[in-house]
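Chain by chain, the residues run as shown.
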Amino acid sequence: MHDAEKSRLGHWVNEIEEVGIATLLGLMALVTFANVVARYVFQSNLLWALETTTYLFAWLVLFGISHAVKISANLGVDAVLNYLSPPVQRICALISATACLTFTGLLLYGGWEYWSKFAFQLSFLEVEDIPFPIWLQSMLGYIEDGEPIYEKIPRFIPYIILPIGMALLLIRYLQAAMRIWRGEQRMLIASHEIEAMEESK
């Protein structure tokens, strides 16, 4: 794959990730606002609102973790590393990246194992309150004899963020490790905590 093609692919992946995060934030705000209006204006309640925002927040966190690694926004303590020579710093950074890749690989395996049980063995299990619209089930082929299969959203749909989020995180750590290997990045973190706090003032 040519560098230009890689750049275009990376650009689209970044756009999808950032648009996804913005969309999740917008949906959380919209659902919460609708529930507040329903409760205080119409004296009603959206039973599915709390569960929906919970799942949206989980998706947001897992997308946000990989995005933070991508832009090297992680805070860390580098007081010891700053006293080391650049070659030793590079070795320590590569060791850290390897540890992160190993741990994230285990999380990806665990996330896939957990999600696959709901997708292939326990696909009949539904969430507590979020309804599954008939038109959406029709689009996805979840209709039998003209009747929808689910009343509520099956759990394997919101839970799919577990393997997806860990796969994204693994890719981001792999990219960071390659940047460190090529000498384009000194550490996995952007800067130490004190500098980040001073910049935020």
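Residues numbered from 1 in each chain as written. Predicted model: local features only at pLDDT ≥ 70, side-chain atom pairs only at ≥ 80, totals over all residues. Heavy atoms only, no water.

A.B. asks: Which parts of the structure should I look at to understand the environment of Ile171?
C.D. replies: With respect to the helices and strands, the residue Ile171 is situated in helix α6 (residues 161-181). As for Ile171 and Lys70, which are separated by 101 residues in sequence, their C-alpha atoms are 9.1 Å apart. (Helix = DSSP H or I, 4+ residues; strand = E, 2+ residues; numbered from the N terminus.)

A.B. asks: How do you make sense of the nonpolar core when you look at a structure like this?
C.D. replies: Generally speaking, soluble globular proteins have nonpolar side chains that are buried together. Judged by nonpolar contacts, the single largest core of 20 residues is most densely connected at Leu24, Leu60, Phe63, Leu169, Tyr173, Ile180 and Leu188. Of all the secondary structure elements, the ones that give two or more residues to this core are α1 (3-40), α2 (49-70), α3 (86-121) and α6. At eight residues, the largest contribution of residues to this core is made by α6. Phe118, Val127, Phe156 and Tyr159 belong to the second-largest nonpolar core, a separate cluster that totals eleven residues. (Core = buried A, V, L, I, M, F, W, Y, C linked by side-chain atoms within 4.5 Å. Buried < 20%, exposed > 50% of the residue type's maximum accessible area, 1.4 Å probe, protein only.)

A.B. asks: Looking at this model, I keep getting lost on α2. Mind explaining?
C.D. replies: Structural remark: α-helix, 3.6 residues per turn; residues separated by three or four positions point the same way. For α2, spanning 22 residues, the distance from its first C-alpha to its last is 31 Å, which sits close to the expected 32 Å at 1.5 Å a residue. Of the residues flanking the end of α2, it is Ser72, one or two places downstream, whose phi is positive at about 55°. (Expected span 1.5 Å × (residues − 1).)

A.B. asks: Looking at this model, I keep getting lost on the packing of aromatic side chains. Mind explaining?
C.D. replies: The description of an aromatic ring pair uses the distance of the two centres, along with the angle that the planes make with each other. A complete count under the given rule lists ten aromatic pairs for this structure. Both rings, one in Trp59 and one in Phe63, keep their centres 6.3 Å apart while their planes meet at 50°; by these two values the pair is tilted. Of this pair, Trp59 and Phe63 are both found in helix α2, four residues apart, which corresponds to roughly one turn of the helix. Taking relative accessible area as the criterion, Trp59 reaches 22% and is therefore assigned partly exposed. Joined through ring pairs, the aromatic side chains of Tyr55, Tyr114, Phe118 and Tyr159 make up one cluster. (Phe/Tyr/Trp six-rings, centres within 6.5 Å; stacked < 30°, edge-to-face > 60°.)

A.B. asks: In this structure, what is going on with the environment of Ile164? I would like to understand it.
C.D. replies: Structurally, Ile164 can be placed in helix α6. Counting along the chain gives 101 residues from Ile164 to Phe63, while the straight-line C-alpha distance between them is 8.9 Å.

A.B. asks: Before we go on, may I ask you to explain the side chain of Gln89 in this structure?
C.D. replies: The residue Gln89 is located in helix α3 in this model. In this structure Gln89 comes out as buried when scored by relative accessible area, which is 8%.

A.B. asks: Teacher, can you tell me more about unusual backbone geometry here?
C.D. replies: With glycine set apart, most residues show a phi of negative sign, and most peptide bonds adopt trans. Backbone geometry places Gln43, a non-glycine residue, at a positive phi of 55°. Within the fold, Gln43 resides in the loop between α1 and α2. The exposure class of Gln43 is exposed, given its relative accessible area of 65%.

A.B. asks: Is there a simple way to explain the packing of α3 against α6 in this structure?
C.D. replies: When two helices pack together, their arrangement is given by the angle between the helix axes and by the axis-to-axis distance. For the pair α3 and α6, the least separation of the axes is 8 Å and the interaxial angle reads 165°. Our classification of the angle between α3 and α6 gives roughly antiparallel. Judged by the sense of rotation from one axis to the other, the crossing of α3 with α6 is left-handed. Looking at the contact of α3 with α6 residue by residue, the classes come out as 21 nonpolar, three polar and one charged. (Axes fitted to C-alpha atoms, helices over the stretch in contact; angles between N-to-C directions. Parallel < 35°, antiparallel > 145°, perpendicular 65-115°, else oblique. Left-handed = near helix turned anticlockwise from the far one by under 90°. Nonpolar A, V, L, I, M, F, W, Y, C, P; charged D, E, K, R; others polar.)

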